[in-house]
Amino acid sequence: MDPQLEEYRRKQRERAAAAAAAGGSSARGTGRNIDEPSELSWLEKRHEVPGLGVEAAVWQLGLAAIIFASFWANIIQPHLYVWLLVAGLLGAAAFLHFKMSTPSEAQALRSMLDGALAAARDGLEARYRIGDVDVSGWQIVGPVLVASIFLGAWVLGWALLLAGG
């Protein structure tokens, strides 16, 4: 056999024995590589978001914060008064619509709205095949929304027009 290979294997066995003595378990027993760090990187540590009950890695939380900040800085904040006006008008219209309709009509409208939300959820969770790639609906919608943050709100409008037919 090659003397360098034998020397390498001997040093590897010595490191494994030292790690086993220090940690109380053998490196082979844990299923990890000897050179692999024993602790996760700070980016891979998982934290729970208070109030939402969602557990995610630090890098995922950072990415979500960047996307939210970009969305706020590019779309919401410059036209905050318009978004508040639209939200207020839509809320008032929905409030009046549900208050002025009969209870049976209101129940039918609520069940229709619940059905539309369930259909949207099913569409986002459905699997689609584009060429040789299998993707889900949220993987298609997500990049379009992120692109609309950086390219402008009109991208979202065109995407909705294209999706609608």
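Residues numbered from 1 in each chain as written. Predicted model: local features only at pLDDT ≥ 70, side-chain atom pairs only at ≥ 80, totals over all residues. Heavy atoms only, no water.

Helix and strand content of the protein: seven helices and four strands. Along the protein, helices and strands appear, N-terminal first, in the series α-α-β-β-α-α-α-β-β-α-α. If you sum the accessible surface of the protein, you get close to 13,200 Å²; carbon and sulfur atoms cover 66% of it. (Helix = DSSP H or I, 4+ residues; strand = E, 2+ residues; numbered from the N terminus. Areas by Shrake-Rupley, 256 points an atom, 1.4 Å probe, with all protein chains shown as cover.)

Tracing the backbone shows Ser 136 in strand E4 (residues 133-136). The class of Ser 136 is buried, set by a relative accessible area of 2%. (Buried < 20%, exposed > 50% of the residue type's maximum accessible area, 1.4 Å probe, protein only.)

Before going further, it helps to spend a moment on the side chain of Ser 70. Within the secondary structure layout, Ser 70 lies in helix H3 (residues 58-76). Ser 70 has contacts with Ile 75, Ile 149 and Phe 150, leaving out every residue within four places of it along the chain. (Contact = heavy atoms within 4.5 Å.)

Of the volumes computed, that of the largest pocket is approximately 280 Å³. Lining of the largest pocket is provided by Ile 67, Trp 138, Gln 139, Val 141, Gly 142, Pro 143, Leu 145, Val 146 and Ile 149. Ranked by residue count, the leading element in the lining of the largest pocket is helix H6 (residues 137-151), at eight residues. Taken together, the residues that form the lining of the largest pocket break down as seven nonpolar, two polar and no charged. (1 Å grid on protein atoms, 1.4 Å probe; cavity = no way out; pocket = protein on both sides within 12 Å on 5 of 7 lines; lining within 4 Å. Points joined across faces, edges and corners; volume = space filled by probe spheres on them. Nonpolar A, V, L, I, M, F, W, Y, C, P; charged D, E, K, R; others polar.)

Moving on, we get to the environment of Asp 134. Mapped onto the elements of the fold, Asp 134 is located in strand E4. Excluding residues that lie within four positions of it along the chain, Asp 134 makes contacts with Arg 127, Tyr 128 and Arg 129.

Let us now look at the confidence of the model for the protein. Looking at the protein as a whole, the pLDDT averages 79, with 87% of positions reaching at least 70. Per-residue pLDDT stays below 50 along residues 25-30; that stretch engages in six contacts with residues further than four places along the chain or on separate chains. (pLDDT = per-residue confidence, 0-100.)

Moving on: the pattern of salt bridges. On inspection of all chains with the given rule, the structure shows four salt bridges. A salt bridge links Arg 10 to Glu 14, with the nearest nitrogen and oxygen atoms 2.3 Å apart. Here the residue Arg 10 and the residue Glu 14 both occupy positions in helix H1 (residues 3-23), the gap between them amounting to four residues, near one helical turn. Linking Arg 127 and Asp 134 is a salt bridge whose minimum nitrogen-to-oxygen distance equals 3.4 Å. (Salt bridge = Lys/Arg side-chain N within 4 Å of Asp/Glu carboxyl O.)

The next thing to look at is the pairing of E4. As judged from the four bridges shared by strand E3 (residues 127-130) and E4, these two strands associate in the antiparallel manner. Within the sheet, the bridge partner assigned to Arg 129 lies in E4 and is Asp 134. (Pairing = 2+ DSSP bridges.)

Attention now goes to the packing of H3 against H6. The angle between the axes and the distance between the axes are what describe a pair of packed helices. Packing of H3 against H6 leaves a shortest axis separation of 9 Å and a crossing angle of 45 degrees. On the basis of the axis angle, H3 is oblique to H6. The element H3 and its partner H6 pack so that their crossing is left-handed. Each of Ile 67, Ser 70, Phe 71, Asn 74 and Ile 75 in H3 lies in contact with H6, whose residues at this interface are Val 146, Ser 148, Ile 149 and Phe 150. The residue inventory of the contact of H3 with H6, partitioned by class, reads six nonpolar, three polar and no charged. (Axes fitted to C-alpha atoms, helices over the stretch in contact; angles between N-to-C directions. Parallel < 35°, antiparallel > 145°, perpendicular 65-115°, else oblique. Left-handed = near helix turned anticlockwise from the far one by under 90°.)

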